[in-house]
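Structure assessment
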Amino acid sequence: MRYSALSIFLNGLRGNKGWGLAWRAPEPKSHYDVIIVGGGGHGLATAYYLAREFGITNVAVLEKGYIGGGNVGRNTTIIRSNYLLQGNNPFYELSMKLWEGLEQDFNYNAMVSQRGVLNLYHSDAQRDAYTRRGNAMMLHGVDAELLDREAVRAKLPFLDYDNARFPIQGGLLQKRGGTVRHDAVAWGYARGADMRGVDIIQHCEVTGIRRENGKVVGVDTTKGFIGCGKLALAAAGNSSRVAEMADIKLPLESHVLQAFVSEGLKPFIDCVVTFGAGHFYVSQSDKGGLVFGGDIDGYNSYAQRGNLSMVEHVAEAGKAMIPGISRVRVLRSWGGIMDMSMDGSPIIDRTHIDNLYLNAGWCYGGFKATPASGLCFAHLIARNTPHETARAFRLDRFARGYILDEKGQGAQPNLH
Ligand SMILES: Cc1cc2nc3c(=O)[nH]c(=O)nc-3n(C[C@H](O)[C@H](O)[C@H](O)COP(=O)(O)OP(=O)(O)OC[C@H]3O[C@@H](n4cnc5c(N)ncnc54)[C@H](O)[C@@H]3O)c2cc1C
């Protein structure tokens, strides 16, 4: 069923009894051309584009939990393409362009809201760095605007401009950046892939990768053995664990990142704002809650919950940026597991095993990448060559010394 204004109207007349399930709940077949491990945004988008762009529909997405239960439903919903480096920028801009047409493309309301992303700067050195980033963006055809202090004040008068340690001098704005309802992205891709014949199998954990003569022949799962022609890993925070099943050690660390939502307030923040002097960022949801977060917790973990010291740090940084926030009550918080790579950039590549493909290392920036990641991973799986915008995301770049260190911070996950 296609969703449209007419279908809403007609179903309304019939007491809303005509809506079907958004996707099926099939039993796994004994063999698929492609199996994707991980039903997060990236796995589902890969399945969608495999079917839509490359006509490969004998595909299963195996998800150990439920659709939307991983990071795709836990992130703070920010999308942007304000990247500096040549290897990153065209890829994230491709993603932004895909976001701009996504809802029409997969016929689902994902609440794509290009409300703008503003990164504040607090010193001359930071202004120079943002000027360089903005120029690099414009050279790549991406929108960027450097705002001075008064322009930021006109937009966001409630920020603390005269904070003794971190006075606000201005900000770098990407107007086309914004937010997207995160779990709707998973649902939209799941529905779009299912409509094209992909089997989405929930509560099916992959527990082993079987190989014969140097090739993958299938996976052991909690629903039994399932054979495949090609195996694609998109397990985000669990990437190291899943790759280990094929004796591959990845250059990744798993860390917890937390998100917070406040009580509902009247609308007062109409864009995404990031604090340049510490790790804090905030936007306001359509229901009025402030959605905010900060840095990773800073120790390795596979737990989907965070600790109190980071709650304190986020609260401090939030208050330094918006003094009035101290009276706001937090309603909800949660954690997700981040697959932090050693240069802060992702991996979309083949492995040394012929028919085993890897999509990982998204750190805390993988939500915005979901459409491009799905398209580029599908391209790699279907054609065995990298998509032109994802050529830099090679697995062996650490060994070769071609790292893609967007922030120039070195191999320290908490600084990416
Ligand atoms: C608090 C927080 C805030 C964030 N904010 C942003 C943001 O504002 N903008 C942004 O761009 N990014 C953000 N991110 C990062 C982004 O959410 C992730 O990089 C991205 O979602 C990861 O890709 P995914 O959606 O495929 O992951 P997931 O949804 O985690 O999908 C991976 C799936 O693999 C499944 N899986 C794992 N092991 C197995 C197995 N053995 N068998 C079967 N299935 C398995 C998991 O259950 C999971 O569902 C944030 C993340 C967090 C946690």
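For the structure itself, look to the data block above.
Below you will find a few notes about this structure. (Residues numbered from 1 in each chain as written. Predicted model: local features only at pLDDT ≥ 70, side-chain atom pairs only at ≥ 80, totals over all residues. Heavy atoms only, no water.)

Looking only at helices and strands, the protein features 10 helices and 18 strands. For a compact globule of 416 residues, the expected C-alpha radius of gyration is about 22 Å, and the protein comes in at 21 Å, within 12% of that figure. Counting every position in the protein, which comprises 416 residues, the buried fraction comes to 55%. Contacts spanning at least 24 positions in sequence make up 75% of the contacts within the protein whose residues lie at least 6 apart. Of the roughly 17900 Å² that the protein leaves accessible, carbon and sulfur atoms contribute 51%. (Helix = DSSP H or I, 4+ residues; strand = E, 2+ residues; numbered from the N terminus. Rg over C-alpha atoms; globule rule 2.2 N^0.38 Å. Buried < 20%, exposed > 50% of the residue type's maximum accessible area, 1.4 Å probe, protein only. Contact = heavy atoms within 4.5 Å. Areas by Shrake-Rupley, 256 points an atom, 1.4 Å probe, with all protein chains shown as cover.)

Right, let's talk about the packing of aromatic side chains for a bit. Taken as a whole, this structure holds 18 aromatic pairs when the rule is applied. Within the aromatic cluster, the residues linked to one another by ring pairs are Tyr3, Trp19, Tyr48, Tyr49, Phe106, Tyr108 and Tyr189. Positioned over the ring face of tyrosine 3 is arginine 191, at 3.7 Å from the centre of the ring. (Phe/Tyr/Trp six-rings, centres within 6.5 Å; stacked < 30°, edge-to-face > 60°. Lys NZ or Arg CZ within 6 Å of the ring centre and 35° of its normal.)

If you trace the eight strands from one edge of the open sheet to the other, you get S5-S6-S4-S13-S14-S15-S12-S16, paired in mixed fashion. For this open sheet the edge positions go to strand S5 (145–148) and strand S16 (330–341), each flanked by a neighbour on one side alone. Averaged over neighbouring strand pairs, the angle between their axes works out to 25 degrees when direction is ignored. Of the strand pairs in this sheet, strand S12 (residues 252–264) and S16 are connected by 11 bridges, and their pairing is antiparallel. Within S16, the residue paired with glutamine 258 across the bridge is glycine 335. Along the sheet, helix H4 (residues 124–139) contacts strand S4 (117–121), S5 and strand S6 (170–174); its crossing angle with S4, the most-contacted strand, is approximately 150 degrees. Across the sheet, helix H8 (residues 308–321) is in contact with S4, S12, strand S13 (272–275), strand S14 (280–284) and strand S15 (289–300); its angle to S15 comes to roughly 135 degrees. (Pairing = 2+ DSSP bridges. Axes fitted to C-alpha atoms, helices over the stretch in contact; angles between N-to-C directions.)

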